[in-house]
Every structure is written in C-alpha cells, then in structure tokens.
Amino acid sequence: MDPDLTALRTLHDQQLRRGARPAGPGARVERNGPVVRQTGPAHGWNGVLWSALSAEDADAAVAAQIRHFRAAGHGFEWKLYAHDTPADLGDRLLAAGFVPDEPETVMVAEASAVSAPVPLPEGVELREVTDEEGVRMVVEVHDRAFGGDSSHLGRRLLDQLAGAPGTVAAVLALAHGEPVSAARLELPPGSDFAGLYGGGTVVPWRGKGLYRALVAHRARVAAAHGRRWVQVDAADTSRPILARLGFAELTRTTPYAYEI
C-alpha cells in the first residue's frame with residue numbers, strides 16, 4: 001500500500017527535525033524560539049534543522065542564528081525544505097550571506113520493501129565498519145568518489161562508533177580487498193526513520209549494482225533496529241535509481257551554508 005505522503009512528511013518533520021536528538025557525542029540540540037538547531041564540534045554537523053517562521057520574524061531569526069554560530073566559532077548549514085515558511089526564506093538566507101548547495105529530493109521507502117539482497121560482482125564482498133581502519137577506508141572511498149577532503153566525516157563517524165554506537169552503521173564494498181564503495185546509516189534514537197547517507201562508488205566500479213546493494217544492506221540493518229522507514233536526501237543522479245527501487249518523493253531540500 002502506498003504511504004500517505006502528507007502524513008509521512010509530517011511525521012518526518014516531527015521526528016527528525018522539530019523533535020531531533022543530538023547526532024553524536026559533543027552535539028546538542030537547542031530550541032531557540034521558532035528554530036531548532038544543532039551545535040557541536042567543528043568537525044560535526046552544525047546547523048538549523050527546523051523552523052516555523054513568518055515574514056515578520058524571519059530576518060531576526062536568521063540574524064540570531066548567525067550570531068549564535070559566530071559565537072561558537074564555526075560555520076553552519078540551514079537545511080531549508082520546500083514546505084518551510086515563509087515562502088521567500090531562501091531569498092532571505094541569500095541576502096544574509098548564505099550560499100546554497102545543490103537541491104536534493106527527500107525520498108522514503110519502507111525498509112522491508114527495499115531490503116532484498118542484490119547480487120554482487122565477482123570478487124566483491126560487503127563488510128561492516130567497526131574500527132579505525134574501516135573508517136579510514138570509508139574516507140578513502142569518499143575522497144575518490146566525490147573529490148575533496150572527507151576527513152571531517154571520518155572524525156564524526158569515529159565519534160559515533162565510539163560514543164554512540166547504536167546510532168550509526170557503515171558498510172564497505174571491497175573488490176578483492178580494495179575499498180570501492182562505502183555508505184553509512186544514521187539511526188536517530190526514538191525515530192521510525194533511518195537515514196541513508198554517502199553511497200559513494202569509485203568511478204571504475206559504477207554501474208555494477210554496488211549502490212543498490214548498499215541501499216538494500218542498510219535497509220536490512222534499519223529494519224533489524226526496528227526502523228520502519230528509510231529516507232535519503234537524494235542528489236539528481238541518485239533519484240532515478242531510488243525511484244526504480246520503490247522510493248517515493250517526500251519533499252525537496254536545499255542546504256544553505258554560512259561560513260565565518
């Protein structure tokens with residue numbers, strides 16, 4: 001049965017945004033009037049998770065978050081969703097000095113519906129990440145797949161594995177022992193949702209089913225942890241694959257970054 005997407009979006013907002021819990025050691029979630037934000041270490045995720053603003057109070061609320069994170073000493077992200085108010089909040093963030101990243105589509109599926117194992121190419125195996133060496137390989141894959149420096153991701157993952165092991169899982173695809181794809185699963189406490197993140201595959205191994213295999217593997221882990229839904233903030237490259245797997249589009253989101 002197809003889910004009621006409006007009700008599911010409301011549940012998503014309640015559990016993962018308005019009612020968010022800290023994502024890892026050293027992070028805290030704060031409710032500042034009509035804004036919910038997370039503040040943590042510089043290598044963690046810092047930003048605004050939810051807001052319920054009006055045209056009258058939006059600019060003051062944006063300025064207050066800038067002051068807060070300036071005092072904390074690092075930049076942050078404002079996760080703007082298509083149904084957030086006021087309708088021109090994106091323009092207001094731009095005017096305040098934020099820089100938008102590529103828009104993403106929030107997609108959801110029942111974990112049990114997308115968990116069927118996917119055949120792997122010969123010589124490829126999946127391995128759970130449990131230690132520093134595994135985290136190092138996750139970072140290596142992300143650097144090769146996406147470019148840039150993913151060391152902050154490695155530090156965040158190590159923090160969670162050591163200090164909050166029940167809230168995260170990560171998996172590698174190894175081809176004859178070489179890491180060629182990696183992804184992680186966020187398991188927010190008290191939520192019906194699990195989040196699929198990463199999903200990076202190095203160029204020579206793309207188009208061989210590894211992305212689908214990592215989605216299915218993480219969906220099985222999510223279901224084993226009692227999560228009914230898996231959600232993805234999907235880039236345009238991933239959206240068609242996820243749609244074919246049975247994911248539905250819930251809303252759109254655009255990350256707005258503010259650098260100090």
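The structure this text deals with has already been given above.
Only a predicted model underlies this, so the values are computations on that prediction, with no experimental measurement involved.

**Q** Any chance you could explain the overall build of the protein here in plain terms?
**A** When helices and strands are tallied, the protein shows seven helices and twelve strands. Taken over the C-alpha trace, the protein has a radius of gyration of 18 Å; the compact-globule value for 260 residues is 18 Å, and the two agree within 12%. Taking the principal axes of the C-alpha coordinates as reference, the protein spans close to 60 × 45 × 30 Å. Looking at the protein as a whole, 50% of its 260 residues qualify as buried. Of the contacts formed within the protein by residues at least 6 apart in sequence, a portion of 69% connects residues at least 24 apart. For the protein, the exposed surface amounts to about 12,100 Å²; the carbon and sulfur share of it is 51%.

**Q** Before we go on, may I ask you to explain helix H1 (residues 5-18) in this structure?
**A** Because an α-helix packs 3.6 residues into every turn, residues spaced three or four apart end up facing the same way. All of the buried residues along H1 are Leu8, His12, Asp13, Gln15, Leu16 and Arg17. The backbone nitrogen of Thr6 has a side-chain oxygen 3.1 Å away, supplied by the residue at the start of H1, namely Asp4.

**Q** Teacher, can you tell me more about the pattern of salt bridges here?
**A** Side chains that carry opposite charge are capable of pairing whenever their charged atoms lie near each other. Counted by the stated rule, this structure contains 18 salt bridges. Where Arg37 meets Glu30, a salt bridge forms, and the shortest distance between an N and an O atom there is 2.9 Å. Here Arg37 and Glu30 have matching classes, each one buried. Here Arg144 makes a salt bridge to Glu178, at a shortest N to O gap of 3.2 Å. Here Glu178 lies in strand S9 (residues 178-186) and Arg144 lies in helix H4 (residues 132-146), a separation of 34 residues in the sequence.

What counts, and at which threshold
Residues numbered from 1 in each chain as written. Predicted model: local features only at pLDDT ≥ 70, side-chain atom pairs only at ≥ 80, totals over all residues. Heavy atoms only, no water. Helix = DSSP H or I, 4+ residues; strand = E, 2+ residues; numbered from the N terminus. Rg over C-alpha atoms; globule rule 2.2 N^0.38 Å. Buried < 20%, exposed > 50% of the residue type's maximum accessible area, 1.4 Å probe, protein only. Contact = heavy atoms within 4.5 Å. Areas by Shrake-Rupley, 256 points an atom, 1.4 Å probe, with all protein chains shown as cover. Polar contact = N/O pair within 3.5 Å; in protein donor to acceptor, adjacent residues only side chain to side chain. Salt bridge = Lys/Arg side-chain N within 4 Å of Asp/Glu carboxyl O.

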